[in-house]
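Descriptive structure summary
These are the residues of each chain, in order.
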Amino acid sequence: MLKLLLTLFAMLFSCSSFAGSISFHLSLTGTTLTLTSKGDSSAFYPEVFRLRADGQWERLARTSSAASPAELMPGAQLDLRWPQSLDGRPLESLPPLEQLRPLMVRFFDQAGVSFGQISFMQAPLIANETLTARYMNGELSVSPPRTSDIRATWVIWPQEEGIGPIHRQVVFEHIQPPARRIVWQAGANPLRLSTGAAEPLVMLLHETPQGFKLQTVSRENGAGRQQRTGWLDAQAWLYGAALLAVALALLLPLAQWLQARRGRAAR
């Protein structure tokens, strides 16, 4: 009986899984940008990039000469050097995009999957007028505005390829294409853009007469297909077969115990 109870306990315990979380807090003091790791999981090979007015992502160097840590544990901090050319300059003297101070933290999780987190030190207003934007066949589709209030749109995203690259030898190198600025013309066609197989959260930063307005675009069906385990897409009969297998796994030890008990009673 003890063996049966241990078997049931092990099976029930193995059904539990605990997903970790990784996020970051950023603070700027003078020429020092401090990155603090939040959540309950480590981030590997973290780097911080700032978005320049030309759409390029510029990597920020550490304040010390030491290399960036391979692992940033929860609660740990990383100090980076804010470009001195920007220090002390009035915010109004910077290009409009750089006044928002857009930043991206790129990192790998413990499985080797690459992610990016985008934030603004000067948060833009939320857009009242939005564009029709969604993922279609693995690509982001953004339709032109219906009114002239949105003159141009910055498309900002963290390139994420999901679990595909970890099937090969993982190269811990951050690859991030530039942000795209779209100047809308009358009769323009919808924009189609590949942001990676994982279909990450995309930020549309609209240039309007009232300033920048932010719209976010996410996938409609939860995690991207590259982040989804294959068995979750199985047909219903596979789920039935799995349930039958679990039932048999529970009944067989019980049947063996009952048979052994009858054998002892027959003696």
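Presented here is an overview of the structure given in this document.

Cut-offs and rules
Residues numbered from 1 in each chain as written. Predicted model: local features only at pLDDT ≥ 70, side-chain atom pairs only at ≥ 80, totals over all residues. Heavy atoms only, no water. Pairing = 2+ DSSP bridges. Helix = DSSP H or I, 4+ residues; strand = E, 2+ residues; numbered from the N terminus. Axes fitted to C-alpha atoms, helices over the stretch in contact; angles between N-to-C directions. Contact = heavy atoms within 4.5 Å. Buried < 20%, exposed > 50% of the residue type's maximum accessible area, 1.4 Å probe, protein only. Lys, Arg positive; Asp, Glu negative; His and termini not counted. Salt bridge = Lys/Arg side-chain N within 4 Å of Asp/Glu carboxyl O. Polar contact = N/O pair within 3.5 Å; in protein donor to acceptor, adjacent residues only side chain to side chain. Patch = residues over 30% accessible without salt bridge, like charges linked within 9 Å, V, L, I, M, F, W, Y side chains within 5 Å. Areas by Shrake-Rupley, 256 points an atom, 1.4 Å probe, with all protein chains shown as cover. Phe/Tyr/Trp six-rings, centres within 6.5 Å; stacked < 30°, edge-to-face > 60°.

1. Re the sheet that holds strand β14 (residues 191-193)
One open sheet holds the 3 strands; their spatial order is β10-β11-β14, and the pairing between them is antiparallel. Here the strands that pair on one side only, and so sit at the sheet edges, are β10 (133-136) and β14. Neighbour-to-neighbour, the strand axes of the sheet open up by a mean angle of 25°, direction not taken into account. In the sheet, strand β11 (residues 139-142) pairs with β14 via 3 bridges, with the strands oriented antiparallel. Its bridge partner lying in β14, V142 is registered against L191.

2. Notes on the side chain of S37
With respect to the helices, strands and loops of the structure, S37 is situated in strand β2 (residues 32-39). Beyond its immediate stretch of four places on either side in the chain, S37 contacts S23, F24, L72, M73, P74, G75 and A76.

3. Quick word on the sheet that holds strand β15 (residues 202-208)
Strands sit in the order β9-β16-β15-β12-β13 across an open sheet of 5 strands; the sheet is mixed. The sheet is open, and its two edges are formed by β9 (125-126) and β13 (180-183), each paired on a single side. Pairing analysis gives 7 bridges linking β15 to strand β16 (residues 211-217), with the strands arranged antiparallel. The residue bridging L205 from the neighbouring strand is L214, located in β16.

4. Section: the side chain of R106
Inspection of the secondary structure assignment puts R106 in strand β7 (residues 102-108). The buried charged residue R106 lacks any salt bridge, with E160 as its nearest oppositely charged partner at 5.8 Å. Among the polar contacts listed, one links the side chain of R106 to the side chain of S114, at a separation of 2.8 Å. Among the polar contacts listed, one links the side chain of R106 to the side chain of Q176, at a separation of 2.8 Å. Once residues within four sequence positions are removed from consideration, R106 is found in contact with Y45, P46, E47, F49, S114, F115, G116, P158, Q159, H174, I175 and Q176.

5. Let's talk about a nonpolar patch on the surface
A contiguous nonpolar patch, built from L251, L254 and L258 and spanning about 230 Å² of accessible area, is present on the exposed surface. By secondary structure assignment, the location of L258 is in helix α3 (residues 236-266).

6. Brief notes about the packing of aromatic side chains
The description of two aromatic rings rests on the distance between their centres and on the angle between their planes. By the definition in use, this model includes 4 aromatic pairs. Their ring planes at 80° and their centres at 5.0 Å tell us that F108 and F172 sit as a pair that is edge-to-face. Taken as a pair, F108 in strand β7 and F172 in the loop between β12 (152-156) and β13 lie far apart in primary sequence, 64 residues in all. Residue class for F172 comes out partly exposed when judged on its relative accessible area of 41%. Counting every residue linked through ring pairs, the aromatic cluster contains F24, F107 and F115.

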